[in-house]
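Okay, here's what each chain looks like letter by letter:
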Amino acid sequence: WNNKALRQALAYGIDRQTYVNVSLNGNGRIAYTSEGGIGWTTDPSLKPIVSDKAIAKQKLAEAGFPNGTIVPAYCDSTTAGIRDCEVYQSMLSDVGLKLDIIPTLTSDFTPKQTKREITSRFITSWRPRADPDGRLRILFYSTGGQSPLSGYKNPELDKLLDQAATVFDTAKAKQVYSDVEKLVIQDAPFVVIAYSNNYAGLNAKVQNFAWIPDFQWRLGDLWIEK
């Protein structure tokens, strides 16, 4: 995956709507950028990599694989994890990317990535942060977070993230984060697929509950009606 054109081929080869329809059973919406549609950094002018089989095949040839190639796909060894990987396997086979699904225990990912036995986790999920730096730095900064595990490094992206973290005028910071997203889109270290709907069951006696989509429960102000 240190081959940019190969990463782009995968990005162009994925049909996001099919994933939403099949894997999420329609309970979500397609996504293209890490921060797109979420919060004050949203930039509707960004041009994402969309599903295009012809470009995917072109990028695959550019990557050095005109006849296609087999790539490892380390997937959670659960029913849902394998099912999702099979969805990707099916859609990517059309462009010449043949996924070799390798079932892996969730508890094994980080230790094996640290030892460089696994160089990518094919499917993962992240939740919103009030401050975009909280997620973007974890995912893409070359030191700390996920990048040392994945091996992804981009000095230009590091510079932009450092710059954005020092800008307290949100209008100005938004432009820097837009530049971050543009670079991430083209570099394709991650392919953002979908924003999933989230649901919670609530007992009618529980009062003052607020649904905040970062999954950090605020329990201090709850009370139970008797």
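Residues numbered from 1 in each chain as written. Predicted model: local features only at pLDDT ≥ 70, side-chain atom pairs only at ≥ 80, totals over all residues. Heavy atoms only, no water.

Draft legend 1. A look at a nonpolar patch on the surface. Together, Trp211, Phe215, Trp217 and Leu219 make up an exposed nonpolar region whose accessible area comes to about 440 Å². Along the polypeptide, phenylalanine 215 turns up in the loop between β5 (206-207) and β6 (223-224). Classification of phenylalanine 215 as partly exposed rests on a relative accessible area of 31%. (Patch = residues over 30% accessible without salt bridge, like charges linked within 9 Å, V, L, I, M, F, W, Y side chains within 5 Å. Areas by Shrake-Rupley, 256 points an atom, 1.4 Å probe, with all protein chains shown as cover. Salt bridge = Lys/Arg side-chain N within 4 Å of Asp/Glu carboxyl O. Helix = DSSP H or I, 4+ residues; strand = E, 2+ residues; numbered from the N terminus. Buried < 20%, exposed > 50% of the residue type's maximum accessible area, 1.4 Å probe, protein only.)

Draft legend 2. Representation of helix α8 (residues 155-165) in the model. Of all the residues in α8, the buried ones are Leu157, Asp158, Leu160, Leu161 and Ala164. One side of α8 carries all its buried residues, which in axial view fall inside an arc of 165°. Exposed positions of α8 whose direction lies more than 90 degrees from the buried face are Pro155, Glu156 and Lys159. Contact partners of the buried residues in α8: α6 (133-140) and α9 (170-187). In this structure asparagine 154 caps α8, since a side-chain oxygen of it lies 3.0 Å from the backbone nitrogen of glutamate 156. (Arc of directions from axis to C-beta. Contact = heavy atoms within 4.5 Å. Polar contact = N/O pair within 3.5 Å; in protein donor to acceptor, adjacent residues only side chain to side chain.)

Draft legend 3. Focus on the nonpolar core. Counting 31 residues, the largest nonpolar core has Ile14, Cys75, Tyr88, Leu92, Leu97, Leu99 and Phe122 as the members making the most contacts within it. The set of elements that each furnish at least two residues to this core consists of α1 (4-13), α2 (16-22), α3 (53-62), β2 (69-76), α4 (79-93) and β3 (97-104). Excluding its chain neighbours within four sequence positions, the residues that come into contact with isoleucine 14 are Ser51, Tyr88, Met91, Leu92, Val191 and Ile193. Judged by nonpolar contacts, the second largest core, of 15 residues, contains Tyr152, Leu157, Ala173 and Tyr177. (Core = buried A, V, L, I, M, F, W, Y, C linked by side-chain atoms within 4.5 Å.)

Draft legend 4. Quick look at the side chain of glutamine 113. Tracing the backbone shows glutamine 113 in helix α5 (residues 106-114). Residue contacts for glutamine 113: discarding those within four places in its chain leaves Ile118, Ser120, Arg121 and Leu149.

Draft legend 5. Spotlight on the environment of lysine 174. You can see lysine 174 is positioned in helix α9. Lysine 174 gets classed as partly exposed once you look at its relative accessible area, which sits at 32%. In this structure, the C-alpha to C-alpha distance between lysine 174 and leucine 105, residues 69 residues apart in sequence, is 38 Å. In this view, lysine 174 contacts Trp40, Thr41 and Thr42; residues no more than four positions away in its chain are not counted.

Draft legend 6. Quick look at the pairing of β3. As paired strands, β2 and β3 are joined by eight bridges and run parallel to one another. Pairing of alanine 73 across the sheet is with isoleucine 101, part of β3. In this fold, β2 hands off to α4, which returns the chain to β3; that crossover is right-handed. (Pairing = 2+ DSSP bridges. Right-handed = clockwise from strand over helix to strand, strands pointing away.)

Draft legend 7. Fine view of the packing of α8 against α9. Packing of α8 against α9 brings their axes to within 9 Å, and their N-to-C directions diverge by 160°. Relative to α9, the element α8 lies roughly antiparallel. As for how α8 packs across α9, the hand of that crossing is left-handed. Contact residues: Glu156, Leu157, Leu160, Leu161, Gln163, Ala164 and Ala165 in α8; Val176, Tyr177, Asp179, Val180, Leu183 and Val184 in α9. Of the residues assigned to the contact of α8 with α9, the class counts are ten nonpolar, one polar and two charged. (Axes fitted to C-alpha atoms, helices over the stretch in contact; angles between N-to-C directions. Parallel < 35°, antiparallel > 145°, perpendicular 65-115°, else oblique. Left-handed = near helix turned anticlockwise from the far one by under 90°. Nonpolar A, V, L, I, M, F, W, Y, C, P; charged D, E, K, R; others polar.)

Draft legend 8. Broad picture of the confidence of the model for the protein. Mean pLDDT over the protein: 89, with 99% of residues reaching 70 or higher. When pLDDT is averaged over each element of the protein, α3 comes out on top at 97 and helix α7 (residues 147-150) at the bottom at 75. (pLDDT = per-residue confidence, 0-100.)

Draft legend 9. Up close: the state of the cysteines. Scanning the model with the defined rule gives one disulfide in all. Sulfur-sulfur distance for the disulfide between cysteine 75 and cysteine 85 comes to 1.9 Å. Because the sign of the S-S torsion sets the handedness, a value of about -100° for the bond joining cysteine 75 and cysteine 85 places this disulfide among the left-handed ones. Of this pair, cysteine 75 sits in strand β2 while cysteine 85 sits in helix α4, and the two are ten residues apart along the sequence. Assigned by exposure class, cysteine 75 and cysteine 85 land together as buried. (Disulfide = S-S within 2.5 Å.)

Draft legend 10. Local environment of α1. Counting buried positions over the ten residues of α1 gives nine, a clear majority of the element. Within the span of α1, buried status applies to Ala5, Leu6, Arg7, Gln8, Ala9, Leu10, Ala11, Tyr12 and Gly13. Packing partners of the buried residues in α1 comprise α2, α3, β2, α4, β3 and α9. Capping the start of α1 is the job of one residue whose side-chain oxygen sits 3.2 Å from the backbone nitrogen of alanine 5: asparagine 3.

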